[in-house]
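So the chains spell out like this:
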Amino acid sequence: MYKELKKFKVSNQFSFTTEDSLAEVCNASEGSGVFLVYSVGDEKELIMVGSTGTVQNNGTLKIKNGGLKDKIVEGHQFAKTGRKYSWPAQMKIEDISTLEVVWYETFNDKTKVIPTFVEGQVLQNFLDENGRLPKWNVAF
C-alpha cells in the first residue's frame, strides 16, 4: 500500500470478475476520494488510479451524485460507456480474471485532503518506481 493512503480511515475493497455485476459487488461509498484498481493473477499489479470530488474555492466539496460508487460503476473508460460494461470487455481482451478495487474517502467530515492531490501522489510514486503510469491510466 502507498504510504499516502494509510491515514484515510474510511476505506474498503472488493473483487470483480467478468461474471460479476460491477454495480452489485462495488461496496464503495458515496463519498469523495480515490480508488486503485489491481489486476490479480500470478502477481498483483496496479493498473489504474482514479478519483472523484472537487474542492471549491471556499473549501467545500463539490461531489457528483453517487460519489466513489458511481464513479467506479458508471465512469467512462475505454469507450464512451460506463465501466460496468467496459471493464469486463477489457478484462477479456487482456485475459484478466479478477480485479481488486481498493477505495479511500479522502475528503469528509474528519479528513480534508483533495482527491486529485492524493491521486497525483500515488501516480507520481508509481511513475518514479516504474517509469510510466499504470496501463489503464491514459494520462494525468
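Described in the following lines is the structure provided in the data block. (Residues numbered from 1 in each chain as written. Predicted model: local features only at pLDDT ≥ 70, side-chain atom pairs only at ≥ 80, totals over all residues. Heavy atoms only, no water.)

**With respect to the nonpolar core**
Ranked by size, the top nonpolar core spans 19 residues in total, and within it F14, F35, V37, I72, W87, L99 and W136 carry the most contacts. For this core, the secondary-structure elements that each account for two or more residues are β1 (11–17), β2 (32–40), β3 (44–52), α2 (67–74), α3 (83–94) and β6 (98–107). (Core = buried A, V, L, I, M, F, W, Y, C linked by side-chain atoms within 4.5 Å. Buried < 20%, exposed > 50% of the residue type's maximum accessible area, 1.4 Å probe, protein only. Helix = DSSP H or I, 4+ residues; strand = E, 2+ residues; numbered from the N terminus.)

**Quick look at the environment of Q77**
Among the secondary structure elements, Q77 is positioned in the loop between α2 and α3. Taking the relative accessible area as the measure of exposure, Q77 reaches 8% and is therefore buried. In sequence terms Q77 and K92 are 15 residues apart; their C-alpha atoms lie 15 Å from each other. For Q77, the side chain forms a polar contact with the main-chain oxygen of W136, separated by 3.2 Å. (Polar contact = N/O pair within 3.5 Å; in protein donor to acceptor, adjacent residues only side chain to side chain.)

**Side note on the sheet that holds β1**
Pairing in this open sheet of four strands is antiparallel, and the strands run β1-β6-β2-β3 from one edge to the other. Of all the strands in the sheet, the pair left with one neighbour each is β1 and β3. Averaged over all neighbouring strand pairs, the angle between strand axes comes to 20°, with direction disregarded. With nine bridges joining them, β2 and β6 adopt antiparallel strand pairing. Counted as the bridge partner of V34 is Y104 from β6. On the sheet, α2 packs against β1, β2, β3 and β6 and is oriented at approximately 40° with respect to β2. Contacting β2, β3 and β6, helix α4 (residues 115–130) runs over the sheet at an angle of about 155° to β3. (Pairing = 2+ DSSP bridges. Axes fitted to C-alpha atoms, helices over the stretch in contact; angles between N-to-C directions. Contact = heavy atoms within 4.5 Å.)

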